[in-house]
Each structure stands twice: as structure tokens, then as C-alpha cells.
Amino acid sequence: MKQMQIVQAWDSILPDAVAEKRIQDAILSYADQKPKHAIRPRRFLIPAAVFLMLFAAIGFRLHNPKKLAVTLDNGMNVVYDANIATAGNAMYAYDYEIQTRELTAEELQQLLPCSVQPDSCHAVFRAETGEFERAETKIGEVHVHLAREGLPVTDDIVTGETANAEIYGVPVTFGFFLTKPNSRGIRTAVLYASYLREGLQVYLETGGDEANQEQLGTDLGNLVCELLAHDAPNLSEIRLSSIIQ
Amino acid sequence: MAADQQGLDIAAIYERHSKTVYRVCFAFMKNHADTEDAVQETFFRLIRKQPTFETPEHEKAWLIRTASNICKNELKHWRRKQTALDDQADIPAPGATDYGEIMDAIMALPERYKTVIYLYYYEGYQTAEIAKMLKKPHSTIRNHLREARLILKERLGDLT
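These lines cover the structure that appears in this document, whether it is placed above or below. (Residues numbered from 1 in each chain as written. Chains lettered and ligands numbered in written order. Predicted model: local features only at pLDDT ≥ 70, side-chain atom pairs only at ≥ 80, totals over all residues. Heavy atoms only, no water.)

### Some words on the interface of chain A and chain B
Accessible area lost on assembly of the parts is the figure often given for the size of an interface.
Thought 1: The interface is formed by 64 residues belonging to chain A together with 61 residues belonging to chain B.
Thought 2: The closest approach of N and O atoms between arginine 112 of chain B and glutamate 136 of chain A, which form a salt bridge, is 2.5 Å.
Thought 3: Linking chain A with chain B are 13 residue pairs in polar contact (both at pLDDT 80 or more).
Thought 4: Split into classes, the residues belonging to the side of chain A that touches chain B amount to 26 nonpolar, 17 polar and 21 charged. (Contact = heavy atoms within 4.5 Å. Salt bridge = Lys/Arg side-chain N within 4 Å of Asp/Glu carboxyl O. Polar contact = N/O pair within 3.5 Å; in protein donor to acceptor, adjacent residues only side chain to side chain. Nonpolar A, V, L, I, M, F, W, Y, C, P; charged D, E, K, R; others polar.)

Given below as C-alpha cells:
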């Protein structure tokens, strides 16, 4: 009974006693450090607070550029635009049977022709017709989502139709955003690129420390160039039953 | 130490949900050291934000969603650092452990499937509840579960 085995497998995922105590102590200690009483703002503090907020807002805008420009190895300039990053939920709704199988290295290389071998991945196919539906993998540290045209390519980010670059004749959307700071004050830069070519949607996403965002942008842009320098994949060859060896 | 100043009983909440939060974080982080950090950050955020919970289920859902979001963000940092340190060598992170065939198969799933598998099979949530909790469309969660089952079936045999 595999379902029971899944439950049992999860049962084993627990911290050991020492770690458990360490986590609990850290959390309770953090709770103790918080101020014991809420501070009521005094009248004279309100204008000062408003001024500080305005100052902070200006500073925030100065430190949150809406565009990130990078120069790629081939000399091309690419601009990641924060204005086109729109968050939303994509809708997955198959009303037909699907099947999955692992793609061969050759198939992955056809879908993602680049010097770094993509991680292995399971692709989803339409069972009745054997058509490729979508797949998800990684190239180095870049997450890659592939989907047949017309299907949602990711769960969350909708990049829309606002391509802001053209590489080898293919319109490409480059976007980025910064997350809110975590408890250590570190913000994550998330950069993405997406394009549609010959019926295949490709969405690439990477992320890391805000301080490294230019390097991240350069690496991602170089990867897009490398992928687009090759011929477009022939999706009709990548089917459920016909395994390319 | 029990309740903090705004009334949230952190110790009691920790007692109620620490295992769930730990497992959700582990699904993303795959090792105990990073899971520990993510669990702490989840509860730190609870202490800082002081959300109001209508029911214990609401409380649990908030923690699961927050833990998932924290892990997703942390992974983006962690991957970059790990790559720099290991120079892409296939070295398991500290604390990575072999949990057997089933957990290995679950851990090899794409990130977004793992939480759904955990919440569905272990916590016993319905797909509609998971969708609400993770703020995703119901159809998306149903399809994640369907795809995850197909992959697990291929690797482990029938799940029913």
C-alpha cells in the first residue's frame, strides 16, 4: 500500500532532539526580545513619522530601479524591466488524459540546446495524441519551464505579451523583481526571460542575492542567446511513444 | 514563556504546528540545517506580523503558506551560494540523508509537487483546501497532484 508508505516516509522527517530544542529556544527567545508594550505615538511624533516615511519612500525608489541593464558576452545590451513583472495565478485545467515519461538526454538537448546539460526531467504528454504538453527542469541554476503554445507555462508569473528584446529574430521578454527583505535584511532578486518559438513557450527564471543581480542578469541573458542561436525544436518529434535516442 | 505581548501563544502554536512546518520546509530544502533555518524564519515572521487567526485551521494554513514562500525565496539564495562553493560538484548539502526509496522519489519531484503531495497524503487535505491554502487555482492543484502521482507511479508503482 504505497499511500501508507508515503505517510510513513514523511513520519521520518523530523529534527533530532537537539535540533528540536535549538529551534524552539531560538523562536521563544525571539518572541521574548520583542517590545513588551506597544508604543503609542505622541502628537509631535506624527509629523516626524510622516516625514520619515516620505524620506524612506524616496530612498526606496532610488534603491529599487525599475530597470536592470546588462551587457552580454556577445556585446548585446539587455534590459530587465520590473514594470512588466506581473504576478498572478495561471490556470491548469486538463480535461483529457495525460501521461508522463522521462525525456532522454537527446530530447532535452533538442528542446534546450546549450552547452550545460539540463537536469533530467519528466515531461507531460497528452495521452490520446501523444503530444508534448510541458516539462520543467534546470540548466545549472536556472529553472526552465517549457510548455506547448496555449498552455500556461508557469503557476505564478504572467509575463504577458510585452517582449522588450529581440534575439536572433525571436521576441523575448526580460523582467525582474526584488522580494521584500527577510529577517536578515537580504532581498532576493528574481530575474526571468520568456519567449515563444515554433509552438514552444520557454520561461527561464533565476534568482539570488540582490547584490549579484547584474551577474545573474548577464548569465541568464547569455543562456537565452545560446538557446536561440540553435534551431528551434521540432515538437512533433517529441512524443509520448517515439523516444528519440 | 508562553504568550507574547500581543496575545499570540507562540509556545502553544509551535507545539501544535512545528512538525507540519518542519516537513513543509524539508520538502523544499531537502536537508535539516536549511530546514531548521526556514522553520525559525517562519515563526519569526509569525511573531513579527502578529496575524489574527479565526480558527486553528486558519493558523495552520497561514504557517504552511508562509513556510512555502520563505523556502522558495531562500532556495534562490542558497542555490547561488551552493554553486559558488561546490563549483557545481554533486555534493549533498550538510544534513542530507537517505530516507529510502519513497522519500527519495518524493524529494526528486519538482518543488511545487512536493508540498501538494505532503498536504494531500500526509495532512489529509482535499485539493480544494490545498488550493485555498497555497492561493492557487483548484485546477492547478488537481493537476499538480495528478502529474506528481503519474511520476511517482512510474518510479514506485501504483499509489492506490
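### A look at the nonpolar core
Thought 1: Within the largest apolar cluster, 60 residues are counted, with the highest numbers of intra-cluster contacts made by Trp10 of chain A together with Phe43, Leu46, Ile106 and Ile117 of chain B.
Thought 2: Per-element tally for this core: the top contributor is helix α1 (residues 10–29) of chain B, with 12 residues.
Thought 3: Excluding its chain neighbours within four sequence positions, the residues that come into contact with isoleucine 106 of chain B are Ile6 and Trp10 of chain A together with Lys114, Ile117 and Leu152 of chain B.
Thought 4: The next biggest cluster of nonpolar side chains, apart from the first, holds 43 residues, and it includes Leu103, Leu111, Phe176 and Leu240 of chain A. (Core = buried A, V, L, I, M, F, W, Y, C linked by side-chain atoms within 4.5 Å. Buried < 20%, exposed > 50% of the residue type's maximum accessible area, 1.4 Å probe, protein only. Helix = DSSP H or I, 4+ residues; strand = E, 2+ residues; numbered from the N terminus.)

### Looking at the pairing of strand β2 (residues 77–81) of chain A
Residues and elements named next belong to chain A.
Thought 1: Examined bridge by bridge, strand β1 (residues 67–71) and β2 share five bridges and lie antiparallel to one another. Of the residues in β2, the one forming a bridge with leucine 68 is tyrosine 80.
Thought 2: Hairpin geometry of β1 and β2 is characterised by an intervening segment of five residues between the two adjacent antiparallel strands and by a positive phi of about 90° at glycine 75. (Pairing = 2+ DSSP bridges.)

### Let's talk about the side chain of glutamine 213 of chain A
Thought 1: Tracing the chain through its elements places glutamine 213 of chain A in helix α5 (residues 213–229).
Thought 2: Apart from residues lying up to four places away in sequence, glutamine 213 of chain A is in contact with Leu68, Phe176, Leu178, Ala189 and Leu191 of chain A.

### Focus: the packing of aromatic side chains
Thought 1: Per the stated rule, a full pass over the model turns up nine aromatic pairs over all chains.
Thought 2: Here tyrosine 80 of chain A and phenylalanine 174 of chain A contribute two aromatic rings whose centre-to-centre distance is 5.1 Å and whose plane-to-plane angle is 75°, an arrangement assigned as edge-to-face. Of this pair, tyrosine 80 of chain A sits in strand β2 while phenylalanine 174 of chain A sits in strand β10 (residues 170–178), and the two are 94 residues apart along the sequence. The pair formed by tyrosine 80 of chain A and phenylalanine 174 of chain A is uniform in burial state, with each residue classed as buried.
Thought 3: An aromatic cluster of at least three residues, connected via ring pairs, comprises Trp10 of chain A together with Tyr118 and Tyr122 of chain B.
Thought 4: A cation over a ring is seen here: arginine 126 of chain A above tyrosine 96 of chain A, with NZ or CZ 3.8 Å from the ring centre. (Phe/Tyr/Trp six-rings, centres within 6.5 Å; stacked < 30°, edge-to-face > 60°. Lys NZ or Arg CZ within 6 Å of the ring centre and 35° of its normal.)

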